[in-house]
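Descriptive analysis of the structure
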Amino acid sequence: MAKMGKLEERLRAIEGGEDYAFTNLEELFLVHNIITSPKFKVPDFDKYKGTTCPKNHLKTCCRKMGTYAKDDELLIHFFQESLTGVSVTWYANLEPSRVHSWKDLMVAFVRKYQYNFDMVLNRMQLQNMCKKGRGSFKEYAKRWRDLAAQVAPQ
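Since the model is a prediction, treat every value here as computed from it, not as a measurement.

Thoughts on the packing of aromatic side chains
One pass over the full model with this rule turns up 10 aromatic pairs. For the pair phenylalanine 79 and tryptophan 102, a centre-to-centre distance of 5.5 Å together with 70° between the ring planes defines the contact as edge-to-face. One end of the pair, phenylalanine 79, is in helix α3 (residues 72-79); the other, tryptophan 102, is in helix α5 (residues 102-118), with 23 residues separating them in the sequence. When the centroid spacing of 6.3 Å and the interplanar angle of 45° are considered together, the rings of tyrosine 113 and tyrosine 115 count as tilted. Since its relative accessible area comes to 2%, tyrosine 113 is described here as buried. Here tyrosine 115 falls in the partly exposed class, since its relative accessible area comes to 41%. Members of the aromatic cluster, connected to one another through ring pairs, are Tyr48, Phe79, Trp90, Trp102, Phe109, Tyr113 and Tyr115.

A look at a nonpolar patch on the surface
A surface patch of nonpolar side chains, amounting to about 420 Å² of accessible area, comprises Met1, Met4 and Leu7. If you trace the backbone, methionine 1 turns up in the segment before α1 (2-15). Classification of methionine 1 as exposed rests on a relative accessible area of 89%.

Quick look at the side chain of serine 82
When you line up the elements, serine 82 lands in the loop between α3 and α4 (86-92). Serine 82 has contacts with Phe45, Asp46, Lys47, Tyr48, His57 and Cys61, leaving out every residue within four places of it along the chain.

A word on the environment of aspartate 104
With respect to the secondary-structure elements, aspartate 104 resides in helix α5. C-alpha separation for the pair aspartate 104 and aspartate 72, spaced 32 residues apart in sequence, amounts to 10.0 Å. In this view, aspartate 104 contacts Arg98 and Val99; residues no more than four positions away in its chain are not counted. Only 2.9 Å separates the side chain of aspartate 104 from the backbone nitrogen of histidine 100, close enough to count as a polar contact.

Let's talk about helix α2 (residues 54-64)
Taken residue by residue, α2 has Pro54, His57, Leu58 and Cys61 as its buried positions. Across the axial projection of α2, the buried residues extend over an arc of 100°, all falling on one side.

Some remarks on the environment of leucine 75
The topology assignment puts leucine 75 in helix α3. Residue classification places leucine 75 among the buried positions, given a relative accessible area of 7%. Setting aside anything within four residues of it in sequence, one finds leucine 75 in contact with Met65, Tyr68, Ala69 and Trp102.

Basis of the calculations
- Residues numbered from 1 in each chain as written.
- Predicted model: local features only at pLDDT ≥ 70, side-chain atom pairs only at ≥ 80, totals over all residues.
- Heavy atoms only, no water.
- Phe/Tyr/Trp six-rings, centres within 6.5 Å; stacked < 30°, edge-to-face > 60°.
- Helix = DSSP H or I, 4+ residues; strand = E, 2+ residues; numbered from the N terminus.
- Buried < 20%, exposed > 50% of the residue type's maximum accessible area, 1.4 Å probe, protein only.
- Patch = residues over 30% accessible without salt bridge, like charges linked within 9 Å, V, L, I, M, F, W, Y side chains within 5 Å.
- Areas by Shrake-Rupley, 256 points an atom, 1.4 Å probe, with all protein chains shown as cover.
- Salt bridge = Lys/Arg side-chain N within 4 Å of Asp/Glu carboxyl O.
- Contact = heavy atoms within 4.5 Å.
- Polar contact = N/O pair within 3.5 Å; in protein donor to acceptor, adjacent residues only side chain to side chain.
- Arc of directions from axis to C-beta.

From the geometry alone we can't say anything about function, so treat these as descriptive.
What follows is the structure, encoded as structure tokens:
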């Protein structure tokens, strides 16, 4: 019987026993008791990587979720579907006690990624762009068009 107890103890140690990082599953959720219709389908979002204007990303998210504009909990919960990379990590680490509304989440998101908005390209930066050594002209033209679309009008 003592051997069985030792085996069970070792198995618990290997499996981690009851020492999970979250003893209460509620700690994992930013929004509690979210209820969605079985017919609800999450829109296909352009994924935010943390490198572009956060305000533009919020605008596109709000437009895609327009039907649910009055449902803060749904907006907060499904905002994570529009994120990828480091921005998902940011969302996962948000403190639930600080996010009570969609507005709270938007303010926190813009505050976190404001530096992208502050670094908006200007015409001089676009003018100084040059073709990379081994890149094709087609690649250069595509990069130029992509950057030109981001230049703030003066």
